[in-house]
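Fold and geometry: a report
The primary structure of each chain is shown beneath.
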Amino acid sequence: MPCLQRADTSAARLTPAESRELDQRLQKRQVKEFMNVFGNLVDNCFSACVDDFTSKALSGRENGCIARCVVKSMSTQTRLGERFGELNAAMTAEMQRR
């Protein structure tokens, strides 16, 4: 999940109150994004792995499937975040060269 950060150049022009408000909005947005990613993870793994509703407990197969699904999803999110950071760094470097 990408982490939102404000640009240092625009932050220099903000008053302390505006800066605090911006930080609060960014934090709220990060929480909302995290909840969205988590909700999608739960929905996707549940849909892919749970198919026996005759028992309250998950079967061994369902437990294993969910564990693999969560690991795969988290690895994917981690790699997407890394790639986003790489692209952001490249774009920033390109803008600084201009």
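Procedures and definitions
Residues numbered from 1 in each chain as written. Predicted model: local features only at pLDDT ≥ 70, side-chain atom pairs only at ≥ 80, totals over all residues. Heavy atoms only, no water. UniProt positions renumbered as here; feature names shortened; annotations may be inferred. Helix = DSSP H or I, 4+ residues; strand = E, 2+ residues; numbered from the N terminus. Buried < 20%, exposed > 50% of the residue type's maximum accessible area, 1.4 Å probe, protein only. Areas by Shrake-Rupley, 256 points an atom, 1.4 Å probe, with all protein chains shown as cover. Patch = residues over 30% accessible without salt bridge, like charges linked within 9 Å, V, L, I, M, F, W, Y side chains within 5 Å. Salt bridge = Lys/Arg side-chain N within 4 Å of Asp/Glu carboxyl O.

Going by the annotation in an unreviewed UniProt entry, the name recorded for the chain is Mitochondrial import inner membrane translocase subunit, with Podospora appendiculata given as the source organism. UniProt, in its Subunit (unreviewed entry) section for the chain, records the words "Heterohexamer." Looking at the chain in UniProt, the text filed under Sequence similarities (unreviewed entry) is "Belongs to the small Tim family."

1. Regarding the overall build of the chain
A tally of helices and strands in the chain yields three helices and zero strands. In the chain, the succession of α and β elements from N to C terminus is α-α-α. Within the chain, buried positions represent 10% of all 98 residues. Total accessible area computed for the chain in this model is approximately 8100 Å², and 58% of it derives from carbon and sulfur atoms.

2. What to know about a nonpolar patch on the surface
Taken together, the side chains of V31, F34, M35, F38 and V42 present a nonpolar region at the surface, about 490 Å² in accessible area. In this fold, M35 is placed in helix α2 (residues 16-49).

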